[in-house]
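# Residue-level structural notes
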Amino acid sequence: MASKPRLLTVLDIVTALLMAAAIYMVFIFAPMERVMGAVQKVFYFHVAAGWAGMLGFFVAFVAGIVYLITKQSRWDRVELAGVEIGLVFMFICIVTGSIWARPIWNTWWTWDPRLTTATIMELAYAAYMMLRSGIEDPERRARFGAVYSIVAFISVPLTFFSIRIFRTIHPVVIGSNDPTAQGTFNMTPAMGQTFAFSLIAFSFLFAALLWHRIRLGKLQEDVERLKLQLQS
Amino acid sequence: MRTAVTRPAGTPFVRSMLAVVWKDLAAEWRSKEILSSMLVFALLVILIFNFALELDASARREATAGILWVTLAFAGTLGLNRSMAVEKDRGCLDGLLLAPVDRTAIYFGKSIANWLFMLSVALIVLPVYSILYNVNLFNPGLLMVILLGSEGYVAIGTLLSSMAVQTRMRDILLPILLFPVIIPVVLASVKASYGYLQGSAMTDIQPWITLLVASDLIFTAVAFMVFDYVVEE
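Below, the structure is looked at part by part. (Residues numbered from 1 in each chain as written. Chains lettered and ligands numbered in written order. Predicted model: local features only at pLDDT ≥ 70, side-chain atom pairs only at ≥ 80, totals over all residues. Heavy atoms only, no water.)

### So, the packing of helix α2 (residues 33-53) of chain B against helix α5 (residues 103-133) of chain B
Residues and elements named next belong to chain B. Where α2 meets α5, the axes come as close as 10 Å, and the angle between the chain directions of the two elements is 35°. You can see that α2 and α5 cross each other, and the crossing is right-handed. Between α2 and α5, the contacting residues are I34, L35, M38, L39, A42, L43, I46 and N50 on the first element and F117, M118, S120, V121, I124, V125, V128, Y129 and Y133 on the second. Considering only residue class, the contact of α2 with α5 consists of 15 nonpolar, two polar and no charged. (Axes fitted to C-alpha atoms, helices over the stretch in contact; angles between N-to-C directions. Helix = DSSP H or I, 4+ residues; strand = E, 2+ residues; numbered from the N terminus. Left-handed = near helix turned anticlockwise from the far one by under 90°. Contact = heavy atoms within 4.5 Å. Nonpolar A, V, L, I, M, F, W, Y, C, P; charged D, E, K, R; others polar.)

### A word on the packing of aromatic side chains
For the coordinates displayed, the defined rule picks out 15 aromatic pairs over all chains. Both rings, one in F57(A) and one in Y125(A), keep their centres 3.9 Å apart while their planes meet at 5°; by these two values the pair is stacked. Residue F57(A) is found in helix α2 (residues 42-70), and its partner Y125(A) is found in helix α4 (residues 113-133); the two are separated by 68 residues along the sequence. Each member of the pair, F57(A) as well as Y125(A), is classed as buried. Aromatic side chains F74(B) and F179(B) sit 6.0 Å apart centroid to centroid with 40° between the ring planes, which places their arrangement in the tilted category. Placement of the pair is F74(B) in helix α3 (residues 57-89) and F179(B) in helix α7 (residues 173-198), with a sequence separation of 105 residues. A relative accessible area of 25% places F179(B) in the partly exposed class. Put simply, the rings of F13(B), Y107(B), F108(B), F224(B) and F227(B) pair up and form one aromatic cluster. (Phe/Tyr/Trp six-rings, centres within 6.5 Å; stacked < 30°, edge-to-face > 60°. Buried < 20%, exposed > 50% of the residue type's maximum accessible area, 1.4 Å probe, protein only.)

### Notes on the interface of chain B and chain A
How big an interface is tends to be stated in terms of accessible area lost as the parts join. Taken together, the 30 residues of chain B in the interface contact 29 residues of chain A. Here chain B meets chain A over a buried area of about 2,700 Å², counting both sides, of which 75% is carbon and sulfur. Sorting the residues of chain B by area buried against chain A places M163(B), R168(B) and Y229(B) first, and these three jointly supply 19% of that buried surface. The tally of links between chain B and chain A comes to one salt bridge. Elements with a minimum of two residues in the side of chain B that touches chain A: α6 (140-164), α7 and α8 (202-231) of chain B. In terms of residue count, the dominant contributor to the side of chain B that touches chain A is α8(B) (11 residues). (Buried area = accessible area lost by both parts, 1.4 Å probe. Salt bridge = Lys/Arg side-chain N within 4 Å of Asp/Glu carboxyl O.)

### A short note on the side chain of R77(A)
Here R77(A) is to be found in helix α3 (residues 73-104). Setting aside anything within four residues of it in sequence, one finds R77(A) in contact with I214(A), G217(A), K218(A) and E221(A).

### Description of the pattern of salt bridges
Applying the stated criterion across every chain, the model contains 15 salt bridges over all chains. Its salt-bridge partner being R77(A), residue E221(A) comes within 2.8 Å of it at the nearest N-O pair. Taken together, the residues E221(A) in helix α6 (residues 189-231) and R77(A) in helix α3 connect sequence positions 144 residues apart. The partly exposed category is assigned to E221(A), whose relative accessible area is 34%. Salt bridges sharing partners connect three or more residues here, namely K23(B), D24(B), E87(B) and K110(B).

Structure representation (structure tokens):
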């Protein structure tokens, strides 16, 4: 059984340091937003978690395509890792968004395109996990998983556009500003630096988790094989 | 068997596709299993909506498009499940796959058959709904939306149902797999139907029709590309 690669240990340490620094920057370094106050600080990790979640689903989509072409089980492990991590981060994104929305929009939830799309995406990938759990044959499980991860990822932008045709109130902090959005603000340089840093820290966290999950999948497979060898 | 079927013209692909459609329609004509269950179910859903929503005249105007599509979507999963489960249970799917034809021809054949089932359900549900609730649903725009919406629905539904029947949970799994990814089609269909029933301006309906056609094309293309991987053993 392979021992933990040295590079992974390095990545773990770097990620831990980056996350600690990101937390410091969010709470101490970044200035307090004048109108919204402390709750605005949710923004840094909210967007970063959403980013990591999308990254996870995108990784699963690409791994699904590569699996269907190459039929190598390692791509199936990458795909499963991507979906699992994406589910967790997307959930964090939705929950932190709700915490922010309560004081700013005066409601926990509203049927805004981004909120709705994020929820539907979460449900689609929950369905993916159910699909996998319903199939015993590993080869077929991998094939069906790959097909569904492709279909689910392609329907996400369509869902977004379909709900987007209604007007949105979700703030767009980066890029163009919609005057109808509620709770938007302008970033000071310190806020921008904190935001960029959180994105980087979460990207590292994502990479570290992905690697660990892929490695775990490999170990799981090895254990299964050893068990079968013992029985026979 | 061959003597009974007049050989349809066209390329081998079209011929084998039409053969699958023909097989499904003939089987359905004899058993009437799928259509009858879809129909009874659809009518029951409409009845339940009547009690659940207290449909007075103004509520009816607002809710008709939504009720229609929920009914069609629910009845649709029933039909999709049944049409694939029949193939699987009696070992017909293996027979179909052993046939020396392009597998996408099988996919399109099954899809067209499912599409026809859904359209026939709509064809009966529309007049019944019109009579029961005293709204005129025979609107060319609405009929076109039903045509387009059910196409997108069966395109992805046929793919997912052929996956669902090969799993342990089978019938339960299809709606769970299908509904999160089919939302663009259902939403655009509901909004476009609503627009036509309200007599809205074409500029209000146009974006939904565009989205519906785009979704249909994308879903059909994706299902066509990956279907091979779902049935290969």
